[in-house]
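# Descriptive structure summary
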Amino acid sequence: MKQRRLSIEEFNELLQQWNDQQIKIVKQEMDDIKETLLVLRGVSFTKGQSIDDYISRYALQLNGSGLIETTMNNYESLPAETFEIPLEEEATYEFDGARFTISTSRGVYTIEQNQFV
């Protein structure tokens, strides 16, 4: 499927439709790739938060319970019921009909529906 660029408003509207769905978030920052599995309970945006010792102007918060990959194929419960993605004004939001991609200067994040236990 072809990626389609979205405004942040379109991105938010489409992602909100995945509430109460199981999703997989893959974070790729430099050589670090981590996977998070989450039952999405809400989507929100915050301003002026500090995330992982990185001050970003905005952050996308994916709220819900889930698991985070700690080492290859080993998962632990999320320490909080929120997964945060630091955002910036230059971030791009794309959707191919099945997967969202957020690209920032810090990394690339993909979000897709997933079935897990």
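Here the structure is shown first, and the text comes after it.
Small disclaimer: the values here were computed from a predicted structure and weren't measured.

### Things to note about unusual backbone geometry
Its identity is not glycine, yet Asp20 carries a phi of approximately 70°, on the positive side. Its location among the elements puts Asp20 in the loop between helix H1 (8-16) and strand S2 (22-29). With a relative accessible area of 54%, Asp20 lands in the exposed category.

### What to know about the packing of aromatic side chains
A full pass over the atoms with the stated rule returns 5 aromatic pairs. Summarising the aromatic geometry, the rings of Phe11 and Phe100 are spaced 5.3 Å apart at their centres and angled 85° between planes, so their arrangement reads as edge-to-face. With a gap of 89 residues between them, Phe11 in helix H1 and Phe100 in strand S10 (residues 99-103) connect regions that are remote in the sequence. Note on accessibility: Phe11 and Phe100 belong to one class, buried. Look at Trp18 and Phe95: their rings are 6.2 Å apart centre to centre, the planes differ by 65°, and that puts the pair in the edge-to-face class. With Trp18 in the loop between H1 and S2 and Phe95 in strand S9 (residues 92-95), this pair connects stretches of sequence that are 77 residues apart. Of the two residues examined, Trp18 and Phe95, each falls in the buried class. Ring pairing ties together the aromatic residues Phe11, Trp18, Tyr93, Phe95 and Phe100, which thus form one cluster.

Reading guide: rules and limits
Residues numbered from 1 in each chain as written. Predicted model: local features only at pLDDT ≥ 70, side-chain atom pairs only at ≥ 80, totals over all residues. Heavy atoms only, no water. Helix = DSSP H or I, 4+ residues; strand = E, 2+ residues; numbered from the N terminus. Buried < 20%, exposed > 50% of the residue type's maximum accessible area, 1.4 Å probe, protein only. Phe/Tyr/Trp six-rings, centres within 6.5 Å; stacked < 30°, edge-to-face > 60°.

Read these as geometric descriptors, not functional statements.
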